[in-house]
Amino acid sequence: MGLALDIVRTWRHPRQVMARFLSQGQREDRVFMFLMFACALIFLSRWPGLVRLSLLNPDTPLNILLGGALFGWLFIVPPAAYVLAAFTRLTARLFGGQGSWYSARLALFWSLLAAAPFWIVNGLVSGYGVPDIWQKAVGAIALAAFLLIWLSSLHWAEFHESGHPE
């Protein structure tokens, strides 16, 4: 239950959760678990929309759609996330960031996991065939939630890593 509570706490106080994670020391196993769990949840969130797409297009088998989504989220996104975390670390360094490679990974991977419930809602909306404008609105909210959590966590990791949350 601790992970679910941390996700909910992150929605209100992302910097405090990031500070607590950083104070627990460098744990690559935990960071990798955050990434893989987030990718698995986002993959599962795609199911309703893919089922609907398969039903609307009988020429496209569901197993092909699910296989593509599985491959993308569990085999392509994780290495790409490592590259993105390294890129953000280098970018933050240009602006005076004092974090570490680990803290950049933690900020990104935790943010993906903390925003996963928003992606689940987005998947449900796309599966039930609501009007396109609502699908786009929910998708934009999910993306905004992820970006806000990520930027707040990354800012803390790069500029306040050694202190306490504001």
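Residues numbered from 1 in each chain as written. Predicted model: local features only at pLDDT ≥ 70, side-chain atom pairs only at ≥ 80, totals over all residues. Heavy atoms only, no water.

Draft legend 1. Up close: the pattern of salt bridges. What the rule picks out here adds up to six salt bridges. Where Glu158 meets Arg89, a salt bridge forms, and the shortest distance between an N and an O atom there is 2.7 Å. With Glu158 in helix H6 (residues 132-159) and Arg89 in helix H4 (residues 62-94), the pair connects residues that are 69 residues apart, well separated along the chain. With respect to burial, Glu158 and Arg89 carry one shared label: buried. With a shortest N-O distance of 3.4 Å, Asp132 and Lys136 are connected by a salt bridge. Here Asp132 and its partner Lys136 are both found in helix H6, four residues apart, which amounts to about one turn of the helix. Exposure remark for Asp132: the relative accessible area of 46% places this residue in the partly exposed category. Linked by salt bridges that have partners in common, Asp6, Arg9 and Arg20 make up one network. (Salt bridge = Lys/Arg side-chain N within 4 Å of Asp/Glu carboxyl O. Helix = DSSP H or I, 4+ residues; strand = E, 2+ residues; numbered from the N terminus. Buried < 20%, exposed > 50% of the residue type's maximum accessible area, 1.4 Å probe, protein only.)

Draft legend 2. Focus on the side chain of Ser54. Residue placement: Ser54 occurs in helix H3 (residues 28-56). A polar contact is formed between the side chain of Ser54 and the backbone oxygen of Thr60, at a distance of 3.2 Å. Here Ser54 is in contact with Thr60, Pro61, Leu62 and Leu65, once residues within four sequence places are set aside. (Polar contact = N/O pair within 3.5 Å; in protein donor to acceptor, adjacent residues only side chain to side chain. Contact = heavy atoms within 4.5 Å.)

Draft legend 3. Here's a closer look at helix H5 (residues 101-127). For H5, which comprises 27 residues, the first-to-last C-alpha distance of 38 Å matches the rise-based estimate of 39 Å (1.5 Å per residue) to within 8%. At Ala116, H5 shows its largest kink, close to 45°, and the proline Pro117 lies no more than four residues downstream. Just downstream of H5 lies Gly129, where phi reads positive at about 70°. (Expected span 1.5 Å × (residues − 1). Bend = angle between axes of the 7 residues up to and from the residue.)

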